[in-house]
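Inside the fold
Here's the letter readout for the chains.
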Amino acid sequence: MLEIRNLTKHYGKQIALNGFALSVKRGETVVIMGPSGCGKSTAIRCINRLTEPDSGDITLDQRPVLTLSSKELRELRRNVGFVFQQFNLITRLSVLDNVMFHLVLAGTPKKIAEQRAWAALDKVGMGYHGHKLPVNLSGGEQQRVGIARALVSNPQLMLWDEPTASLDPILVGEVLEVMEELVRTTQTTMLIVTHEVSFARKVADRIVLMDAGRIVEEGPPQLVFENPRSEIGKKYKRLIAS
Amino acid sequence: MLHFFYDGFYRDFIVLMLVTIFVGVAFSSGLAWAVDSHFGETINQMIGDHGEYDVILHVREEAKEAALRELERISEQQFPGAKLNETLTIAGQSNLFFGFPDQFKTQETFAGLPSIFNGVPGLNGYTVITEPSILIRGVHPSVRVELQERFAAVAGVKFAFRDGLNMLVLLDSIDDARSVSAEIKQSLEEYQILELRFPMGFEVDTQQIAHDVIDLLSDKLGSKKIENVSSAEYGEDLDAFLKTLVEMRSFLLSYASKVRIEAIPDVHLVVGEQIVLRGMGDVDPYVADEYADGQVIVEVTSVQGAEAEGMIIKGSIFDATDILRQDGFRMRSGGEIGHHIGQVELENERYRLAYTINESLRLLEELEELAVEASLAVANADAIMNTFQEALMQLEVLQIQMRQLSEGISQGGGQFGSEQLLVSLLVNGLMKNLAQGATGGVSDDSLDSLENLDVESMRLSLSNITEQITRVQEIDVKAIIAQIEYVRDSLPQLDDEEIGKSIRLINTYLGGQVIPGERVQLLVQNRIIDEKELEPQIREALNNPYANVYLTSVGMVNPDVRSELFRVLQEIRATIAGMLAMVFVMAVLILDHATIFSTLKWVRTNKKGPRGRLRKLCNPIIGFGGFTGMVALVSIYLFSRAEIPYMNPAIIGIIGCMMGCTIVVFAEKFSPIHSNEIMAGQALGLSDVQIMREIVIPVSRPGLLNMLNRWKQRF
Ligand SMILES: Nc1ncnc2c1ncn2[C@@H]1O[C@H](COP(=O)(O)OP(=O)(O)O)[C@@H](O)[C@H]1O
Ligand SMILES: [Mg+2]
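Being a predicted model, the structure only gives us computed values, none of them experimental.

Before going further, it helps to examine the overall build of chain B. Per the secondary structure count, chain B includes 24 helices and 18 strands. Put simply, of all contacts in chain B between residues at least 6 apart along the chain, 75% involve residues at least 24 apart. With an accessible surface of roughly 38000 Å², chain B has 57% of that area assigned to carbon and sulfur atoms.

Further remarks concern the interface of chain A and chain B. In this complex, chain A contributes 27 residues to the contact, which on the side of chain B involves 24 residues. Between chain A and chain B lies a buried interface of about 2400 Å² when both sides are counted; carbon and sulfur atoms form 62% of it. The interface formed by chain A and chain B includes one salt bridge. The residue Glu694(B) makes a salt bridge to Arg92(A) at a minimum N-O spacing of 3.8 Å. Viewed at the interface, chain B and chain A are joined by six residue pairs in polar contact (both at pLDDT 80 or more).

Residue and element names in this part refer to chain B. The antiparallel open sheet is built from four strands, whose spatial order is β6-β7-β5-β18. Of all strands in the sheet, those bounded by a partner on one side alone are β6 (157-163) and β18 (556-558). Each neighbouring strand pair of the sheet contributes to a mean axis angle of 25°, computed without reference to strand direction. The sheet contact formed by strand β5 (residues 133-137) and strand β7 (residues 166-171) spans four bridges and is antiparallel.

Residues and elements named next belong to chain B. Within this structure, the stated rule accounts for 24 salt bridges over all chains. Aspartate 284 is the salt-bridge partner of arginine 278, the closest N and O atoms lying 4.0 Å from each other. Exposure remark for arginine 278: the relative accessible area of 32% places this residue in the partly exposed category. Classification of aspartate 284 by relative accessible area gives partly exposed; the value is 36%. Salt bridges sharing partners connect three or more residues here, namely Arg260, Glu262, Arg325, Glu345 and Glu347.

Attention now moves to the site of ligand 1. In the vicinity of ligand 1 there are 12 residues, among which Gln14(A), Gly37(A), Lys40(A), Ser41(A) and Thr42(A) approach most closely. At the site occupied by ligand 1, nearby residues are drawn from chains A and B. At 2.6 Å from an oxygen atom of ligand 1 is found a main-chain nitrogen or oxygen belonging to Gly37(A). In the complex, the protein chains occlude 65% of the 550 Å² of accessible area that ligand 1 would expose alone. Those elements that place two or more of their residues in the shell around ligand 1 are β2 (14-24) and α1 (40-47) of chain A.

Turning next to a negative patch on the surface. On the surface, a cluster of negative charge is made up of Glu365(B), Glu366(B), Glu369(B) and Glu373(B). In this fold, Glu365(B) is placed in helix α10 (residues 349-411).

On the secondary structure map, Glu677(B) appears in helix α22 (residues 675-683). Buried and without a salt bridge, Glu677(B) has Arg92(A) as its closest oppositely charged side chain, separated by 6.1 Å. Ignoring any residue separated from it by four or fewer positions in sequence, one finds Glu677(B) in contact with Leu89(A), Ile90(A), Thr91(A) and Ile695(B).

Cut-off values and rules
Residues numbered from 1 in each chain as written. Chains lettered and ligands numbered in written order. Predicted model: local features only at pLDDT ≥ 70, side-chain atom pairs only at ≥ 80, totals over all residues. Heavy atoms only, no water. Helix = DSSP H or I, 4+ residues; strand = E, 2+ residues; numbered from the N terminus. Contact = heavy atoms within 4.5 Å. Areas by Shrake-Rupley, 256 points an atom, 1.4 Å probe, with all protein chains shown as cover. Buried area = accessible area lost by both parts, 1.4 Å probe. Salt bridge = Lys/Arg side-chain N within 4 Å of Asp/Glu carboxyl O. Polar contact = N/O pair within 3.5 Å; in protein donor to acceptor, adjacent residues only side chain to side chain. Pairing = 2+ DSSP bridges. Axes fitted to C-alpha atoms, helices over the stretch in contact; angles between N-to-C directions. Buried < 20%, exposed > 50% of the residue type's maximum accessible area, 1.4 Å probe, protein only. Near = heavy atom within 4 Å. Patch = residues over 30% accessible without salt bridge, like charges linked within 9 Å, V, L, I, M, F, W, Y side chains within 5 Å. Lys, Arg positive; Asp, Glu negative; His and termini not counted. Charge placed at Lys NZ, Arg CZ, Asp CG, Glu CD.

Here's what the structure looks like:
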């Protein structure tokens with residue numbers, strides 16, 4: 001359903017993406033891994049055009065993404081959930097409002113939006129915190145709200161940009177649990193950037209290893225982690241072994 | 001960048017701008033007005049409220065109470081509701097403020113000011129201070145009515161009225177002062193007074209000259225609207241003074257000694273030349289000698305062929321009763337005596353006048369004596385007459401007795417003898433003697449003729465004479481003498497030299513001045529003419545090289561003191577408003593627009609990636625910021641009628657633009673970006689306007705943008 005071809009992105013002289021190409025099938029869970037600064041975030045953000053690539057080609061459900069009008073783009077974004085590393089909650093809004101406000105702004109009646117928001121919050125185990133403000137939540141709780149927010153509009157594709165990278169190790173588990181649960185119970189296509197190797201092995205249909213703005217190795221987890229061909233893959237194998 | 005506004009934020013932005021301008025105008029003009037009214041109050045406390053009083057009456061201090069009472073009466077009876085106030089008394093003069101009630105602030109009232117106040121005791125004059133108004137000084141009478149109507153028609157003018165030589169134009173509002181005075185100036189400039197002046201001594205036919213010059217101008221300039229306005233009363237006081245001077249001069253001239261000069265052939269005298277005579281001294285002037293005391297110097301005042309007239313400018317012929325005829329010599333500069341020029345006749349009119357008066361006085365004194373003597377003489381004559389009549393009657397009695405006696409003698413015959421004859425002879429002789437004594441002894445019948453004398457009619461004529469003499473005595477000769485003496489004494493005690501100097505002084509003064517009748521004024525309309533260019537043409541056309549041409553205006557706009565004061569205050573207000581506009585725009589830029597700018601900047605960088613420093617500086621957001629600042633500042637500046645000296649709207653625009661640009665450059669410092677939240681909004685499919693309304697603006701600094709957003713904000 002998602003086809004990315006030959007994506008390049010420069011930040012000044014710095015190359016963030018250098019001929020990135022990826023193809024994802026409907027319902028597939030793809031985990032992208034790679035060292036910091038290798039262009040994972042850039043790549044994933046290009047998909048819903050939070051970042052504009054310099055060149056390349058992206059199609060989602062046969063629709064070219066990069067030439068969409070701003071209205072079409074907004075529609076696309078509503079169908080693509082995005083979970084940020086920093087949660088990116090609207091700090092002034094309550095948990096509930098954070099989850100439902102974009103539905104309301106997109107035209108969903110408030111009542112329905114609210115019901116769906118409560119359902120999404122229940123799904124991530126945050127049903128009791130709806131009226132709290134994000135600052136009063138722990139990092140894990142905040143990220144779960146972020147997940148609920150992405151989930152609430154029933155997206156066909158969910159993009160995760162290191163959702164646990166800024167959490168205390170103790171809190172990482174609860175988020176990963178929610179994620180595992182989601183992967184198991186929904187048909188949503190997932191594209192997850194993470195450093196959690198064991199989580200990746202558990203949930204991924206496919207592992208994509210990146211380095212210096214391009215994909216260096218990809219394949220099922222067993223293959224990539226047992227028999228890595230790339231330098232990065234070998235580093236991960238050593239990591240698992242230790 | 002513009003696409004950011006496309007999906008609806010432009011509306012929010014426009015509303016923001018409109019509200020910003022509106023609030024800005026209210027803020028800057030309101031605060032400026034408050035400052036203005038504070039100072040205005042101070043001024044008003046000093047000189048009465050603006051427009052509260054219309055007239056300051058200058059009244060002698062001691063008459064102040066009476067004047068106040070009269071003014072109270074005037075206000076009660078003629079202008080109910082009028083305001084009256086007493087202010088400073090300066091140098092023995094009290095100043096009383098009088099303000100007409102609004103319904104009486106009419107042209108009729110102001111035109112009738114002199115008659116309204118002429119009964120105020122101790123009034124030394126008044127000054128019209130009605131406001132708001134424009135004072136036009138020295139409005140030429142020929143255009144007064146026309147201008148009055150024109151000014152009244154100007155927008156913002158209530159009416160115009162004459163105040164002596166000036167004209168006052170009453171305005172609806174002080175705000176109109178500038179525009180109206182500009183328009184008035186323009187109207188005044190449409191007229192010019194072309195004035196021709198002739199030096200002293202030119203007897204000119206002003207009508208003819210005016211006619212000639214109008215012809216000339218119409219030919220040369222094609223100007224249709226030229227009018228002779230010479231006869232108009234212009235500068236009445238000056239005219240009166242000049243007239244007096246001219247009279248004075250002619251009096252002095254006739255009072256001065258007459259000087260007639262007969263030049264010898266080949267000598268050509270000119271006006272102004274000086275001639276030396278011996279005068280009453282005993283030094284005869286000789287060629288190449290120096291002027292000596294006692295000699296007389298004469299200045300030639302007019303020349304007609306070989307004859308000339310002049311006046312004495314040095315020396316005196318005071319005691320000369322007769323006409324003097326002496327040789328005259330040219331006086332060279334430096335006091336040296338020059339050639340003989342002919343005979344000079346001097347006649348001291350003044351001395352002759354004094355002489356005549358003295359003679360008359362003597363005559364009068366003698367007349368009085370004469371009357372006294374005459375009345376004595378008449379009284380004597382009367383007494384003689386009585387005696388005479390008595391004597392006559394006694395004579396008659398005697399005559400009869402004599403006759404009886406002589407008859408008796410002759411009838412008696414010889415009875416009496418020689419004694420009787422003797423008596424008879426005696427009586428006859430006596431009678432003859434008697435008759436001779438009475439009549440001069442003419443004849444026998446003299447006694448009869450004596451009897452025939454009409455003593456009664458003689459008496460009557462005597463009493464007539466008495467009456468006439470009495471009447472002469474009744475005339476108060478002493479009073480007449482006193483009067484004549486007074487006239488004699490009040491005649492100027494001037495000698496010729498002094499008279500000459502005075503005349504010369506008057507001439508110098510009059511020479512440069514306008515003298516009634518020797519000035520031609522033409523009203524020229526819609527024509528700007530050049531006097532310097534015109535003068536030679538006019539001189540040529542009039543064949544008079546002494547004609548001077550001047551161009552004057554028909555009036556000068558002269559803002560009155562308080563208007564001026566308030567105008568300055570207005571300027572201060574406008575300046576304050578201008579500064580406040582800047583402060584306000586700066587605040588708005590920091591509080592509101594910085595948020596927009598920083599968001600725009602973030603969106604742009606996030607999409608396109610960071611730029612080099614140079615590229616950063618020439619991005620369209622800086623242009624947009626400049627534009628925003630410019631529009632906001634210029635609009636507020638103009639709408640709040642701000643005016644900072646030396647700053648026209650273009651400069652203000654540039655300042656606004658620079659402010660906007662600066663705020664764009666430092667936008668993030670004033671309004672930090674919550675990029676995570678914006679990005680979340682983007683990822684959730686929010687439009688830019690939704691991101692602004694729901695994410696950016698609610699957490700921005702409190703300001704107009706923030707406040708206005710509450711209407712739109714849904715969460
Ligand atoms: N907004 C940005 N401005 C400049 N450089 C950026 C920006 N975002 C990413 N980069 C650079 O692009 C490269 C890829 O970054 P990123 O995709 O965030 O890496 P990763 O997510 O894999 O850690 C990095 O070298 C990073 O420094
Ligand atoms: Mg990253």
